[in-house]
Amino acid sequence: LHPAKPARPPFWPAARMEAQKLQLVVRNCVQKTLELVLRARVPLGRGTPNHWFNLESEEVACVRDRLEGWKQRISQPLQLDIFIDTSSSAVRAAVGAQPNEPHLVLLERWTLRYEPAPHAPEAIGWPTFYKRFMV
């Protein structure tokens, strides 16, 4: 009789490293997307330069801070809502808002979702990946 082999752990060290690298790319992609959308719509102060994905932009500290909890569970969908505040009479007149309409009007809704594969990623050719998606 031979003792049964222990079940293979779900992630071997190399596979775990691959998964961590991939999660880093996903987290940075989501953060960059949110920052670009917000900077295109809202005047924000200067931030730290960010060169991920060969797309120069400035990091938005409040986005980075708000994503901290999400980074631990990146498969959780994120929703970004863009509102216009029409409480000012000048803004209400500019957008043609009626007096009985709400002061906050939803302009856009972005939903970002990462759905990881049900199994650990195979070895990713990071140099090729980097060339194709980040340079």
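Refer to the preceding data block for the structure.
Cut-offs applied
- Residues numbered from 1 in each chain as written.
- Predicted model: local features only at pLDDT ≥ 70, side-chain atom pairs only at ≥ 80, totals over all residues.
- Heavy atoms only, no water.
- Salt bridge = Lys/Arg side-chain N within 4 Å of Asp/Glu carboxyl O.
- Buried < 20%, exposed > 50% of the residue type's maximum accessible area, 1.4 Å probe, protein only.
- Helix = DSSP H or I, 4+ residues; strand = E, 2+ residues; numbered from the N terminus.
- Core = buried A, V, L, I, M, F, W, Y, C linked by side-chain atoms within 4.5 Å.
- Contact = heavy atoms within 4.5 Å.
- Patch = residues over 30% accessible without salt bridge, like charges linked within 9 Å, V, L, I, M, F, W, Y side chains within 5 Å.
- Areas by Shrake-Rupley, 256 points an atom, 1.4 Å probe, with all protein chains shown as cover.

J.: Which parts of the structure should I look at to understand the pattern of salt bridges?
T.: When their charged atoms lie close together, side chains carrying opposite charge are able to pair. By the definition in use, this model includes seven salt bridges. Across the pair R64 and D65 runs a salt bridge whose closest N-O atoms are separated by 3.6 Å. With a relative accessible area of 47%, D65 lands in the partly exposed category. With its nearest N and O atoms 2.7 Å apart, the salt bridge here joins D81 to R109. Linking D81 in strand β3 (residues 78–85) with R109 in strand β4 (residues 104–112), this pair joins segments that are 28 residues apart in sequence. In this structure R109 comes out as partly exposed when scored by relative accessible area, which is 49%. Each of R39, R46 and E58 takes part in one network of salt bridges that share partners.

J.: Explanation requested: the nonpolar core in the structure shown.
T.: Nonpolar side chains in soluble globular proteins tend to end up buried together. Grouped together as the largest cluster of nonpolar side chains are 14 residues, with contacts concentrated most on V30, L34, V63, L67, W70, L78 and L80. Only α1 (13–41), α2 (61–67) and β3 provide two or more residues apiece to this core. At five residues, the largest contribution of residues to this core is made by α1. Once you skip the residues sitting within four places of it in the chain, L78 turns out to touch V30, L34, L67, W70, W110, T111 and L112.

J.: Sorry, what's going on with a nonpolar patch on the surface here?
T.: There is a patch of nonpolar side chains on the surface, built from F83, L104 and L106 and spanning about 280 Å² of accessible area. Structurally, F83 is set in strand β3. Note on F83: relative accessible area 43%, which makes it partly exposed.

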